[in-house]
Amino acid sequence: MTNDPVKTVRTTCAYCGVGCGVIATPDGNGGVTVKGDPHHPANLGRLCSKGSQLGQTVSTDGRLLAPRIGDQDTDWDTALSLVAERFKSTIEQHGPDSVALYVSGQLLTEDYYVANKLIKGYMGTANIDTNSRLCMASTVAGHKRAFGTDTVPGNYTDLEQADLIVLVGSNLAWCHPVLYQRISAAKDANQNMRIINVDPRRTATSDLADLHMSIAPGSDVALFNRLLVEIVDRGLVDADYVAQHVNGFDDAVAAAHADVTETLDICDADLMAFLDMWCSTEKVVTVFSQGVNQSTSGADKVNSIINCHLATGRIGRTGMGPFSVTGQPNAMGGREVGGLANMLACHLDIENAEHRNAVRTFWDSPTMPTQAGKKAVDMFDAVADGTIKAIWIMCTNPVVSLPEADKVRQALLDCDFVVVSEMFATTDTAKCADVLLPATGWGEKDGTVTNSDRTVSRQRPFLPKPGMARNDWDIMADVGRRMGWKDAFDYATPEDVFREYAALSGIATKFERDFDISDWTDDYNAMFPRRWGTERFFENGGFYHADKKAKMLPLKSRAPKSAITTDRPFRLNTGRVRDHWHTMTRTARSPRLSQHLAEPFVEIHPDTASRLGIKPAHLVKLTSDHGTAIVRALVTDRVRRREVFVPIHWTGETAPTGRVDALVTGYVDPVSGQPESKASTVAVAPF
Ligand code: SF4
């Protein structure tokens with residue numbers, strides 16, 4: 001390992017799942033200038049507002065520079081010996097399921113790999129989950145149900161080559177801006193390209209769309225069931241593709257027919273325009289994101305979209321297919337490396353005995369759990385009820401980002417032993433830690449990430465590690481050695497970790513899985529962005545269920561689980577703004593980014609505001625069964641009358657206080673475990 005700063009490096013943006021390449025040139029005084037990498041296939045030189053201001057976020061001001069036990073700085077040996085001893089003694093006294101790791105889609109793949117090996121292969125529990133559970137777990141479940149594996153079939157160029165792009169539950173303009181820029185440029189070049197935006201709320205993305213279709217929250221399954229019926233009625237089913245490659249067609253169509261009796265809260269003209277465009281255009285890509293995933297019927301929403309593409313054979317071909325965009329820079333890498341509680345590395349399943357035994361043999365593990373661990377919301381419930389007695393949280397801030405966030409904070413304060421690996425001691429979660437471990441961040445870390453179209457890129461360091469900060473994989477490997485597993489965690493560099501992971505993926509061939517990078521033997525340090533698998537999957541079938549066919553699922557639409565009542569008459573939508581990221585630990589350091597939207601706010605319809613006596617820019621109090629937030633009124637007809645929107649980023653002790661996840665109910669999708677972050681019910685009143 002080197003701590004030496006280097007000259008210009010090619011690395012990858014710290015933020016969203018577009019995964020843009022960045023050329024970073026350190027100035028030798030702790031600063032850096034950045035520009036888009038023209039040779040990176042994700043962005044071809046572009047950067048968005050957040051990416052272009054990365055240089056304003058790298059100062060070491062306020063960084064956690066040494067390990068802390070309680071309020072006292074200490075050395076690594078003391079801190080990690082305590083962590084190892086407490087996890088070991090907790091497992092001995094209460095069993096392996098009494099401990100847990102909660103990690104992040106911003107960890108690098110090498111970090112993720114060591115975390116999974118440590119807890120699943122050595123501590124003996126699958127209690128590891130990631131904030132990606134809040135982001136795209138419903139897509140993972142939908143992909144696995146339809147394809148037999150979690151595979152994104154296409155790639156970014158499909159979005160440029162499509163004649164129709166349907167953006168469902170996605171504010172791409174703000175959340176995946178460079179991808180939006182690519183689509184916008186493609187639309188300028190292709191006069192035939194049309195765009196439909198399906199979203200209850202009119203967003204910046206809607207401005208590019210030929211049609212913005214404002215649907216009721218949660219009605220996506222009903223919409224795509226309606227489309228499936230239309231596909232059948234217009235004779236557009238690709239009978240050969242379905243006969244050769246798809247199971248479940250008849251049941252899915254029968255269920256769709258039964259579901260279209262549900263009234264769609266969409267104007268007839270918009271619905272017919274949507275159906276006409278989808279049905280009359282062969283090259284269709286349906287892009288979906290958190291508006292689909294963050295729902296108690298999220299997995300069904302994903303499958304309702306995939307059903308339509310399977311029925312028409314519009315999948316795996318140029319400019320066609322269902323396409324999930326992930327929120328975080330390495331959510332995809334986390335999926336590949338088994339970062340969720342119900343997965344193993346390399347798209348293998350923990351509940352499959354053959355898969356489990358193969359990984360156990362490869363790792364030479366003393367133990368391996370036979371069942372999935374606790375998913376994010378259940379994990380913190382288990383902390384609250386004392387079932388989990390020791391938890392290690394890395395690179396994420398669940399006291400702000402998880403549903404029922406006040407309950408999460410109290411659970412951590414009451415927990416026997418909380419370890420937090422962080423760049424800053426000031427996050428809401430870090431304040432709950434018994435042991436705080438200083439971790440490296442963007443510009444200091446070294447490893448790989450995978451973006452939304454399966455392209456693996458390097459993140460490279462160009463700044464020295466501040467104080468005593470260490471890389472996450474290195475900290476975890478050290479704890480593994482201290483717990484007695486010296487050989488298993490004998491890594492000196494991230495390349496050592498990557499080589500082991502790549503070798504493990506060779507198992508894919510034996511089990512006929514899709515993820516195999518065992519032949520990636522090129523120079524790790526010089527590694528150029530590279531897509532795993534083929535350019536596209538499934539044009540000619542080749543699915544990963546036992547009979548090699550895909551599955552269409554029979555689906556029935558369900559309303560969001562939180563009931564509208566007279567006390568809680570408004571549905572609360574949550575999401576991102578253009579210039580902030582997650583809980584703002586990085587983006588709030590940039591004056592430029594903070595200029596865009598300086599305070600937490602609630603979008604509220606003018607008629608609703610008038611009826612409630614709420615004036616523009618006045619403070620508004622939102623109340624749910626779980627908490628309150630006080631935010632500034634942004635009166636706009638972009639939201640529907642019975643819905644309000646609040647961004648996810650802000651926290652704070654005094655008004656305005658926008659810690660909106662304190663209001664969100666912890667209802668989850670029964671298949672994916674993903675929380676319904678966009679449809680809780682609240683009261684709204686002037687403050
Ligand atoms: Fe970074 Fe995403 Fe912006 Fe690209 S689009 S520069 S990955 S935030």
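Residues numbered from 1 in each chain as written. Predicted model: local features only at pLDDT ≥ 70, side-chain atom pairs only at ≥ 80, totals over all residues.

If you look the protein chain up in an unreviewed UniProt entry, it shows as Nitrate reductase from Marivivens niveibacter. Quoted straight from UniProt, the Sequence similarities (unreviewed entry) entry for the protein chain says "Belongs to the prokaryotic molybdopterin-containing oxidoreductase family. NasA/NapA/NarB subfamily." (UniProt positions renumbered as here; feature names shortened; annotations may be inferred.)

(A) Here's a closer look at the sheet that holds strand 12 (residues 284-288). Strand order across the open sheet formed by 5 strands is 10-9-8-12-13, with parallel pairing between neighbours. For this open sheet the edge positions go to strand 10 (211-213) and strand 13 (321-324), each flanked by a neighbour on one side alone. Taking each pair of neighbouring strands and ignoring which way they run, the sheet shows an average axis angle of 20°. Strand direction decides the pairing type here: strand 9 (residues 194-198) and strand 10, joined by 3 bridges, are parallel. Paired with asparagine 197 across the two strands is histidine 212, which belongs to strand 10. (Pairing = 2+ DSSP bridges. Helix = DSSP H or I, 4+ residues; strand = E, 2+ residues; numbered from the N terminus. Axes fitted to C-alpha atoms, helices over the stretch in contact; angles between N-to-C directions.)

(B) Here's a closer look at helix 8 (residues 220-233). Taking 1.5 Å of rise per residue, 14 residues should cover 20 Å, and helix 8 covers 20 Å from first to last C-alpha, within 8% of that figure. Most of helix 8 sits inside the fold, with 11 of its 14 residues counted as buried. Of the surrounding secondary structure, the elements contacted by the buried residues of helix 8 are strand 8 (164-168), strand 9, helix 10 (249-259), helix 11 (268-280), helix 12 (290-293) and helix 13 (298-312). Immediately downstream of helix 8, the backbone of glycine 235 shows phi near 70°, a positive value. (Expected span 1.5 Å × (residues − 1). Buried ≥ 20, exposed ≤ 12 C-beta atoms within 10 Å, placed from the backbone. Contact = placed C-beta atoms within 7 Å.)

(C) Representation of helix 3 (residues 109-123) in the model. If you check helix 3, its first and last C-alpha atoms are 20 Å apart, about what 15 residues at 1.5 Å a residue would give, namely 21 Å. Of all 15 residues that make up helix 3, 15 are buried, and the element is covered over most of its length. Just past helix 3, the residue glycine 124 takes up positive phi, approximately 90°.

(D) Focus on the domain arrangement of the protein chain. According to the domain assignment, the protein chain contains domain 1 (68-135 + 330-439 + 465-512), domain 2 (147-325) and domain 3 (570-686). Centre-to-centre, using C-alpha coordinates, domain 1 lies 36 Å away from domain 2. (Domains from an automatic or database assignment.)

(E) Examining the sheet that holds strand 1 (residues 9-12) more closely. The strand order across the open sheet built from 3 strands is 1-2-3, with neighbouring strands paired in antiparallel fashion. The strands lining the two open edges of the sheet, one partner per strand, are strand 1 and strand 3 (32-36). Across the sheet, the mean angle separating the axes of adjacent strands is 35° when strand polarity is ignored. Judged from the 5 bridges that link them, strand 2 (residues 21-26) and strand 3 form a sheet pairing that is antiparallel. When the sheet's bridge partners are listed, proline 26 is paired in strand 3 with valine 32.

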